[in-house]
Amino acid sequence: MNSMKIDLGLTFDNSYAKELEGFYASCTGAQAPDPELIKLNVSLAASIGLKNTNPEQLAEVFSGSQAPIGASSLAQVYAGHQFGGFSPQLGDGRALLLGEVLDEGGKRVDVQLKGSGRTPFSRGGDGKAVLGAVLREYILSEAMYALNIPTTRALAVVTTGEQIMRTQLLPGAVLTRVASSHIRVGTFQFFSSRGEQDKVKQLADYAIERHYPELKNSPQVYLDFLCAVCDKQAELVARWLLVGFVHGVMNTDNMTISGETIDYGPCAFMDDYDPKAVFSSIDRDGRYSYNNQPILAQWNLARLAETLLPLISDDEEKAVAKATESVTKFWDVYQGYWLTGMREKLGISTAEEGDLALCEQLLESMSGQEVDFSQLFRQLANDLETSNLESKSAEDINLESTSRESDKLFNDAAKFIQWKKLWMARLCRDDQPREKPLSETPSQEKRSLPDRVAMMNAVNPVYIPRNHQVEHAIEAAEQRADYQPFENLLRVLENPYTPQAGAEEYAKSAPTTFGPYTTFCGT
Ligand code: AMP
Ligand code: MG
C-alpha cells in the first residue's frame, strides 16, 4: 500500500481498532497492478457519506492499494466450527477492515475489503478473490437487501488487473462490503477456546454496546445478550426459508452477532421447492441444506452459549441451565417468525391454532413436485385476483370459480388442490371478526380481496437472483468484460416485488439445459 492517503469524505471512527487491541492484526492491502472501478453502489455510498467520485481514486482505495484518510486497517482474528469440526485459528485471511464509518443516521458500519491480499491470518491462502465470486456476492447481498432481509451490503467492485490461479487463471477483484459489524460467533470462540475469559467479556461488552445497547443495564446482561442473538438469528433464518435461500456454509465463523447474513460463498436461491436443497460442492452430507438451516443455526448458537457460560453465572450448573433454556427456546422463536411470515405469504392476517399445520401441509403438497417456490406464492395471489375480482372477500370465492393456474406448476396437483380448499376456508375465517386479531388495531371490516392480494404480493417476490441469471452475468463479465447482464440483473432485483415490463425472463426458473446447480466456497 502506498503511503499517500486518499480523502473519501468518510467520517471514520474506528472503535474496534481503538477498544479491542489483541483482537486483530493491523495490516494493509496489497498493491493491485491495475485497479479499475467496475461498480459503485451509488445509493449506499451516499448513505454512508462517501463524497469522492473520482473513479481512479476509488479504485485505488477499494482495491486496497491506497488507504483512505481516517482508516485504521486491520484483519480480525476468529475461530470457528467448520462443518462441525473446530478450527481454533481462522481470521480474516483475505479481508481487510478499513474501519468504521458513521452513516447518515449516525449508525456505525464497518467498511471491509474482501480479496485485497494476504494478512497474518491467510494460512496457506493467497488473500485474493476472483471476479466471479465478487460479482456473485454483490448480486446476492443486494438482492437480500431489497428483500428486506438483514445482510451485509456491497459497496464497490474493483478489478485488480491480476490473474488469480484457481482451477484455472481467473480475473482478480476486490469486493468492498458494508456491515453492522463483522463480529462472529467464531470471534467469541477464538478467545474462549484459549481460556481468555477476560477477552470474551471484553468482546461481549463491546458487542452489547454496539448492537444491543438496550441490554446494558440488565442484571443478567450476558444471558439477555445470548437471547437477543438467538432471537435475531431465529428471525434471519426464518426469513431465508421464506424466500427459498440456502446459505450453504453456516459455519460458526460465518454467523454474525448482529443478525446479518454474511459471507455469500456457495449460497443460492432454490427454484423448485426441495427441503433437502444443497448447492455447495463440499456439503456432501447436506449439513447446511435448506431445511436444516434452523437446526444448524441453533447448533451454532449453542456454541456461542458455551463461550458465555462463565459470564452468565459463577455457578456452572446454573449457567448451563440458563443458557440451555435460551438456546432451547430458539426453536419456538424461530417457528413463530416462520409462521408469521407464512401467514403473510398466504394472505392470512389473523392467527389460528391450525395455521402451522396448514402451512406444513402446503409444503408437503409441494414436495417432489418440481414446483417453483417463488412462482407458486405469486401465482396463488394471481389466482385469487383473477378468479373473481368483483367479489369483495374470501367468503365469496369458491374453488370451482377460482383460477387454476397455480395447479399447473405441479406435476400432480391432487394434494395441492385439496390443500387449496383448506386455505380458502381459512381465508373465509380470516374475514370473520374475532376477539384476538393479529394486529394491534383490529379492523372489524372484512379484508377486501384486492387488499389481501396486495398483502401477499408485498412479501412474495417476483424476482429472486435466479442461479442461471447469476451465472450468465458472471460469465459475460469474466469472459468478455461485459458488465451489462450484471447491471441488468441488479436493476431488476432492486424491486423484487413489482412486476417490471420487459423483465419477464428474470422471473423464470432455469431452463432444463442449465442442469443441477453447484456452487463453490472460497473462490
Ligand atoms: P470462508 O469459507 O470464505 O468463510 O473462509 C473460511 C476461512 O478461510 C476464513 O478465515 C477466510 O478468511 C479464509 N480464506 C478463504 N479464502 C482465502 C484466500 N484466498 N486466502 C486466504 N484466506 C482465505
Ligand atoms: Mg467466512
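Residue positions within a chain follow its written sequence, with the count starting from 1. Chains and ligands are labelled by the order in which they are written, letters from A for the one and numbers from 1 for the other. Residue-level local features of this predicted model are given only where pLDDT is at least 70; pairs of side-chain atoms are given and counted only at 80 or more, and the full residue set underlies all totals for whole chains, interfaces and linings. Calculation of side-chain values draws on the structure's entire complement of heavy atoms; hydrogens and water are dropped beforehand.

**Re the environment of Lys199**
Turning to step 1, where the next piece is worked out: Where helices and strands are cited, they refer to DSSP runs of H or I of at least four residues and of E of at least two residues respectively, numbered from the N terminus. Summarising the element assignment, Lys199 is placed in helix α6 (residues 197-211).
Turning to step 2, where the next piece is worked out: Between the C-alpha atom of Lys199 and that of Lys232, which follows or precedes it by 33 residues, the distance is 23 Å.
Turning to step 3, where the next piece is worked out: Setting aside residues no more than four positions away along its own chain, Lys199 makes contact with Glu21, Gly22, Phe23 and Phe191. When checking whether two residues touch, look at their non-hydrogen atoms; a contact exists if any pair is within 4.5 Å.

**Concerning the coordination of the magnesium ion (ligand 2)**
Turning to step 1, where the next piece is worked out: For Na, K and Ca the donor cutoff is 3.2 Å, while for all other metals N, O and S atoms count as donors only within 2.8 Å; water does not appear among the atoms, so some sites may look incomplete. Donor atoms from the polypeptide that bind the magnesium ion (ligand 2) are Asn254 (OD1) and Asp263 (OD), placed at 1.9 to 2.2 Å. There is no split in this pair, since Asn254 and Asp263 are both buried. Accessible area is worked out with a 1.4 Å probe on protein chains only. A residue is then buried under 20% of its type maximum, exposed over 50%, and partly exposed in between.

**Comments concerning the site of ligand 1**
Turning to step 1, where the next piece is worked out: Neighbouring ligand 1 are 17 residues; Gly91, Gly93, Arg123, Asp126 and Gly127 lie closest to it.
Turning to step 2, where the next piece is worked out: Each polar contact in these results corresponds to two N or O atoms within 3.5 Å; when the atoms are within protein, one needs to be able to donate a hydrogen and the other to accept it, and residues that are neighboring in sequence are counted only if both atoms are side-chain atoms. Note that an oxygen atom of ligand 1 is positioned 3.0 Å from one of the side-chain N or O atoms of Arg123.
Turning to step 3, where the next piece is worked out: Out of a free accessible area of 480 Å², ligand 1 has 85% covered by protein chains.
Turning to step 4, where the next piece is worked out: Basically, the charged four are Asp, Glu, Lys and Arg, the nonpolar ten are Ala, Val, Leu, Ile, Met, Phe, Trp, Tyr, Cys and Pro, and anything else, Gly included, counts as polar. Residue composition of the shell around ligand 1, grouped by class: two nonpolar, seven polar and eight charged.
Turning to step 5, where the next piece is worked out: As used throughout, domain bounds are those supplied by an automatic or database domain assignment. Taken domain by domain, the makeup of the shell around ligand 1 includes at least three residues from each of domain 1 (2-79 + 87-181) and domain 2 (186-338). The near set for a molecule or strand comprises every residue that places at least one heavy atom within 4 Å of it. Here the accessible surface of atoms and residues is derived via Shrake-Rupley with a 1.4 Å probe, and residues count as covered only by protein chains that are part of the display.

**Some thoughts on helix α10 (residues 355-366)**
Turning to step 1, where the next piece is worked out: One less than the number of residues in a helix, times 1.5 Å, gives the span that helix is expected to have. For α10, spanning twelve residues, the distance from its first C-alpha to its last is 17 Å, which sits close to the expected 16 Å at 1.5 Å a residue.
Turning to step 2, where the next piece is worked out: Along α10, the residues that are buried comprise Asp355, Leu358, Cys359, Leu362, Leu363, Ser365 and Met366. When α10 is viewed along its axis, its buried side chains cluster within an angular range of 165 degrees and face the same direction.
Turning to step 3, where the next piece is worked out: Buried-residue contacts for α10 involve α9 (316-345), α11 (373-387) and α12 (414-430).
Turning to step 4, where the next piece is worked out: Of the residues trailing α10, Gly368 is marked for its positive phi of about 75 degrees. The directions from the helix axis to the C-beta atoms form the arc being described.

**Comments concerning the packing of α6 against helix α7 (residues 221-243)**
Turning to step 1, where the next piece is worked out: Between α6 and α7, the least distance of the axes is 11 Å, while the angle of their chain directions is 60 degrees. As α6 packs across α7, the resulting crossing turns out to be left-handed. Across the interface between the two elements, Lys201, Ala204, Asp205, Ala207 and Ile208 from α6 touch Val221, Tyr222 and Phe225 from α7.
Turning to step 2, where the next piece is worked out: Among the residues making up the contact of α6 with α7, the classes are represented as six nonpolar, no polar and two charged. The convention used is that axes are lines fitted to C-alpha atoms, helices contributing only their stretch in contact, and that angles between N-to-C directions extend from 0 to 180 degrees. The sense of a crossing depends on the near helix, which, turned anticlockwise from the far helix by less than a right angle, makes the crossing left-handed and, turned clockwise, makes it right-handed.

**Some remarks on the domain arrangement of the chain**
Turning to step 1, where the next piece is worked out: The domain architecture assigned to the chain consists of domain 1 (2-79 + 87-181), domain 2 (186-338) and domain 3 (351-432 + 441-485).
Turning to step 2, where the next piece is worked out: Summarising the inter-unit geometry, the C-alpha centres of domain 2 and domain 3 are found 30 Å apart.
Turning to step 3, where the next piece is worked out: Here the buried area means the combined drop in accessible surface, using a 1.4 Å probe, for two parts upon being joined, counting both sides. Surface buried jointly by domain 2 and domain 3 totals about 1,300 Å² across both partners, of which 61% is contributed by carbon and sulfur atoms.
Turning to step 4, where the next piece is worked out: Between Asp271 and Arg466 there is a salt bridge whose closest N-O contact spans 2.8 Å.
Turning to step 5, where the next piece is worked out: Viewed at the interface, domain 3 and domain 2 are joined by four residue pairs in polar contact (both at pLDDT 80 or more).
Turning to step 6, where the next piece is worked out: Contributions of two or more residues to the side of domain 2 that touches domain 3 are made by α7, β14 (268-269) and α9.
Turning to step 7, where the next piece is worked out: A total of three residues in the side of domain 2 that touches domain 3 trace back to one element, the largest contributor, which is α7. Any carboxyl oxygen of Asp or Glu within 4 Å of a side-chain nitrogen of Lys or Arg constitutes a salt bridge here.

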